[in-house]
Amino acid sequence: MSSEATRRLALDFASQIAPAGCIDIRRFFGGSALVRNGAQFGFVMKGTLYLRVDKAMRAEFEADGSEPFSYRAAGREVTVRRYYAVPAHVIDDPALLHSYAERALHGTPTPGHRLSDTLLAVTPSA
């Protein structure tokens, strides 16, 4: 997938997650990062959307058969367990995708703040 196609896919996901202009799309190695208020909470790489996960989201994604982001470097496989591929049924459901993206964003430290310094607001779902 070309970098322009990856960027278009990232823009499509961003438009499903939040109102226009709320999410910045930035170059991220061979993909595109999803960034809000300076915090990278996801990215698109090789046509796959990955979101930052906490312990609970990791368990949910693993139960759905999702895998963590991984790549090869220096002849070995590197696994990044902070980011998991978003399950297809989540991508197909705009409300669920929005909910997972918000959870990923709230679990992502913003520049200059550790997660422990951040008070997270939880909004009950309807």
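## Quick notes on the overall build of the chain
Then, in step 1: When helices and strands are tallied, the chain shows four helices and six strands.
Then, in step 2: Pairs at least 24 apart in sequence give 47% of the contacts found in the chain among residues at least 6 apart.
Then, in step 3: Of the accessible surface of the chain, which amounts to about 7700 Å², a share of 53% is contributed by carbon and sulfur atoms.

## A short note on helix α4 (residues 94-106)
Then, in step 1: Taking 1.5 Å per residue, 13 residues should reach 18 Å; α4 reaches 18 Å between its end C-alpha atoms and fits that length.
Then, in step 2: If you check which residues of α4 are buried, you get Leu97, Tyr100, Ala101, Glu102, Ala104 and Leu105.
Then, in step 3: Those residues of α4 that are buried are in contact with α1 (3-17), β2 (31-36), β3 (39-45), β4 (48-52), α2 (55-63) and α3 (88-91).
Then, in step 4: The backbone nitrogen of alanine 95 has a side-chain oxygen 3.2 Å away, supplied by the residue at the start of α4, namely aspartate 93.

## Observations regarding the packing of α2 against α4
Then, in step 1: Direction vectors running N to C along α2 and α4 enclose 140 degrees, while the axes themselves pass 10 Å from each other. Note that α2 runs across α4; the crossing there is left-handed. Along the contact surface, α2 presents Ala56, Met57, Glu60 and Phe61, while α4 presents Tyr100, Arg103 and Ala104.
Then, in step 2: By residue class, the composition of the contact of α2 with α4 is five nonpolar, no polar and two charged.

## A word on the sheet that holds β4
Then, in step 1: Across the sheet, which stays open at both edges, the six strands sit in the order β1-β2-β3-β4-β6-β5 with antiparallel pairing between neighbours. Unpaired on one side and paired on the other, β1 (24-28) and β5 (68-73) mark the two borders of the sheet. Sheet twist, expressed as the average angle between the axes of neighbouring strands with direction ignored, equals 35 degrees.
Then, in step 2: When β2 meets β3, the two strands line up antiparallel, connected through five bridges.

## Here we look at the confidence of the model for the chain
Then, in step 1: Confidence in the prediction of the chain, expressed as mean pLDDT, is 83, and 83% of residues score 70 or more.
Then, in step 2: Of all the helices and strands in the chain, α1 carries the lowest mean pLDDT, 83, while β4 carries the highest, 96.

## What to know about the pattern of salt bridges
Then, in step 1: By the definition in use, this model includes six salt bridges.
Then, in step 2: Measuring nitrogen to oxygen at the nearest pair gives 3.9 Å for the salt bridge that ties glutamate 4 to arginine 8. Placement of the pair is glutamate 4 and arginine 8 together in helix α1, with a separation of four residues, close to one helical turn.

## Describing the packing of α1 against α4
Then, in step 1: Where α1 contacts α4, the axes come no closer than 8 Å and their chain directions differ by 95 degrees. In terms of axis orientation, α1 runs roughly perpendicular to α4. Two secondary-structure elements touch here, α1 through Phe13, Gln16 and Ile17 and α4 through Leu97, His98 and Ala101.

## Regarding the packing of aromatic side chains
Then, in step 1: The tally for this structure, following the rule as stated, stands at eight aromatic pairs.
Then, in step 2: Summarising the aromatic geometry, the rings of phenylalanine 69 and tyrosine 71 are spaced 5.8 Å apart at their centres and angled 35 degrees between planes, so their arrangement reads as tilted.
Then, in step 3: Judged by relative accessible area, which is 11%, phenylalanine 69 ranks as buried.
Then, in step 4: Its relative accessible area of 37% is what places tyrosine 71 among the partly exposed residues.

Reading the values: rules and limits
Residues numbered from 1 in each chain as written. Predicted model: local features only at pLDDT ≥ 70, side-chain atom pairs only at ≥ 80, totals over all residues. Heavy atoms only, no water. Helix = DSSP H or I, 4+ residues; strand = E, 2+ residues; numbered from the N terminus. Contact = heavy atoms within 4.5 Å. Areas by Shrake-Rupley, 256 points an atom, 1.4 Å probe, with all protein chains shown as cover. Expected span 1.5 Å × (residues − 1). Buried < 20%, exposed > 50% of the residue type's maximum accessible area, 1.4 Å probe, protein only. Polar contact = N/O pair within 3.5 Å; in protein donor to acceptor, adjacent residues only side chain to side chain. Axes fitted to C-alpha atoms, helices over the stretch in contact; angles between N-to-C directions. Left-handed = near helix turned anticlockwise from the far one by under 90°. Nonpolar A, V, L, I, M, F, W, Y, C, P; charged D, E, K, R; others polar. Pairing = 2+ DSSP bridges. pLDDT = per-residue confidence, 0-100. Salt bridge = Lys/Arg side-chain N within 4 Å of Asp/Glu carboxyl O. Parallel < 35°, antiparallel > 145°, perpendicular 65-115°, else oblique. Phe/Tyr/Trp six-rings, centres within 6.5 Å; stacked < 30°, edge-to-face > 60°.

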